[in-house]
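Structural features, examined
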Amino acid sequence: MNTDIFKQRFFDEFALKVEKHLEEKKLPRRALLLIDNAPSHPEVEDLKSGNIKAMFLPVNITSLIQPMDQGVINDLKLKYRKFILAHVLEEDAASLNQQIKKIKVKNAMYWLPESWGKIKPETKNSWNNILTTKDFKDNNKKKENQEHFEIKSSFETTQL
C-alpha cells in the first residue's frame, strides 16, 4: 500500500460504494472515514469527495479506540471455540483429530454469526471510547482533546 493506491481506492471504491449505499438508503451524502497515521495514508486534504471525507485519528490513540482491538475479536474467538468444543463433545469419534476433521464448513459458517450474536452489545459498541466527551476535561492534553472533539463533531454531523 502506498499513497497513490490509497487515493485510488478512496475515490474509485470507497467513495463510490458509500455514495451508492447512501443513495439506496435515501440518506444524506455525508460520510467520514477515520484513518490512522500510517505512512501509506495521504494527507486528509487529498481525500475529499464532496461531503465524503477522511480524518486522521489522534496520534498514539489508534490501538485504544479501534473497536476490533478492544477485545471484540478475542470475545468472538472464545464464543466460536465453545461451538467447536460442543460439537467435538457431541461426537463419538475415536480421537480428537477425527472429531475436528468432521466439522463441516457449513457448521463453521453458522457458528460465526451465532457467536457474534452472543457478544454483549457494550462489547460491540467500542466506538463509545471515541465519541464520549467526558474525557475532555484534562487541560494538559488540550490539543489531543481538540482532535477528539473534531472527530466527534465530524462523526455526529455525518449522522452515521
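With an unreviewed UniProt entry as reference, the protein chain is termed DDE-1 domain-containing protein, source organism Araneus ventricosus.

1. What about the sheet that holds strand β3 (residues 52-56)?
Spatial ordering of the open sheet is given by β1-β3-β2, a layout of 3 strands whose pairing is mixed. Strand pairing shows two members of the sheet lacking a second neighbour, β1 (31-35) and β2 (48-49), which therefore form its edges. As paired strands, β2 and β3 are joined by 2 bridges and run antiparallel to one another. Residue pairing in the sheet places Ser 49 in a bridge with Ile 52 of β3. Here helix α1 (residues 3-24) sits on the sheet in contact with β1, β2 and β3, set at roughly 125° to β3.

2. Some details on the pairing of β3
The two faces of a sheet get side chains in turn, since along a regular strand they alternate between them. Bridge count for β1 against β3 is 5 bridges, and the pairing is parallel. Its bridge partner lying in β3, Leu 34 is registered against Met 55. With antiparallel pairing between neighbouring strands as the criterion, β2 and β3 make up a hairpin whose turn holds 2 residues, including Gly 50 at a positive phi of roughly 65°.

3. Observations concerning the confidence of the model for the protein chain
Of the residues in the protein chain, 70% have a pLDDT of 70 or more, and the chain-wide mean is 78. By mean pLDDT, the top-scoring element of the protein chain is α1 (94), and the lowest-scoring one is helix α7 (residues 128-131) (55). In the predicted structure, residues 133-140 sits below a pLDDT of 50 and forms 8 contacts with residues beyond four places in sequence or in another chain.

About the criteria used
Residues numbered from 1 in each chain as written. Predicted model: local features only at pLDDT ≥ 70, side-chain atom pairs only at ≥ 80, totals over all residues. Heavy atoms only, no water. Pairing = 2+ DSSP bridges. Helix = DSSP H or I, 4+ residues; strand = E, 2+ residues; numbered from the N terminus. Contact = heavy atoms within 4.5 Å. Axes fitted to C-alpha atoms, helices over the stretch in contact; angles between N-to-C directions. pLDDT = per-residue confidence, 0-100.

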